[in-house]
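# Per-entry structural report
Chain by chain, the residues:
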Amino acid sequence: ASDRRMGNEDLHPFAMSGASSSPLTADQQTFVTAELAKQKPAAVERLISDLKMIVAYETAADWQEEQAMKMAFNAFSWDDVNVVKALPEYLKSTGSQRARVDYAFNVLMPRPAHTTDVKQSMMALWLKARLFSYDKHFPFQFNPYAR
């Protein structure tokens, strides 16, 4: 069984409990697991933060507040390594995984990005890539009866 946490940097594949095929010694494995336990998972916080910034950007755009738009755009999570890795994969994706991600995005953001606002489109695509990275490791399940 693996103990995977989605943190600020990357998923940590060496944080395994009881894996005999691990390249780490038992002491190293204990150390890595303890260090990972100290890290605060940030997946939910980053998702919520990005959603807030999209709404702040849209609101500022409605009021034609250029400075507020700039601040919301710059406060987005552009430095998230997981999303950077997931973006090209999302763009190439098809089928059920793409459908799950797009469905989740449309539930969170029912109003589409304005077609002439490039920054708003960038933010929407980034959020879709974030959702793709989550779905890749923990597939979304939208059927309440599936177990």
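Conventions we followed
- Residues numbered from 1 in each chain as written.
- Predicted model: local features only at pLDDT ≥ 70, side-chain atom pairs only at ≥ 80, totals over all residues.
- Heavy atoms only, no water.
- pLDDT = per-residue confidence, 0-100.
- Helix = DSSP H or I, 4+ residues; strand = E, 2+ residues; numbered from the N terminus.
- Contact = heavy atoms within 4.5 Å.
- Patch = residues over 30% accessible without salt bridge, like charges linked within 9 Å, V, L, I, M, F, W, Y side chains within 5 Å.
- Areas by Shrake-Rupley, 256 points an atom, 1.4 Å probe, with all protein chains shown as cover.
- Salt bridge = Lys/Arg side-chain N within 4 Å of Asp/Glu carboxyl O.
- Buried < 20%, exposed > 50% of the residue type's maximum accessible area, 1.4 Å probe, protein only.
- Axes fitted to C-alpha atoms, helices over the stretch in contact; angles between N-to-C directions.
- Parallel < 35°, antiparallel > 145°, perpendicular 65-115°, else oblique.
- Left-handed = near helix turned anticlockwise from the far one by under 90°.
- Nonpolar A, V, L, I, M, F, W, Y, C, P; charged D, E, K, R; others polar.

### Observations concerning the confidence of the model for the protein
- Put simply, the protein has an average pLDDT of 82, and 80% of its residues get 70 or more.
- When pLDDT is averaged over each element of the protein, helix α3 (residues 66-74) comes out on top at 97 and helix α1 (residues 26-38) at the bottom at 73.
- Low confidence marks residues 1-20, where pLDDT is under 50. Its contacts with residues over four positions away, or in another chain, come to 50 contacts.

### Section: a nonpolar patch on the surface
- Nonpolar side chains collect at one region of the surface, where Tyr-103, Val-107 and Phe-142 lie side by side and expose about 320 Å² of accessible area between them.
- Note that Val-107 resides in helix α5 (residues 95-108).

### Focus on unusual backbone geometry
- With a phi close to 55°, Gln-64 is a non-glycine residue in the positive phi region.
- With respect to the helices, strands and loops of the structure, Gln-64 is situated in the loop between α2 (43-62) and α3.
- Here Gln-64 falls in the exposed class, since its relative accessible area comes to 66%.

### Describing the packing of α5 against helix α6 (residues 118-137)
- Their axes nearest at 9 Å, the elements α5 and α6 cross at an angle of 125°. Taken as axis vectors, α5 and α6 run oblique relative to one another. At the point where α5 passes α6, the crossing takes the right-handed sense. The residues of α6 that touch α5, namely those facing Gln-97, Arg-100, Val-101, Asp-102, Ala-104, Phe-105 and Leu-108, are Ala-124, Leu-127, Lys-128, Leu-131, Phe-132, Asp-135 and Lys-136.
- Across the contact of α5 with α6, the residue classes tally to eight nonpolar, one polar and five charged.

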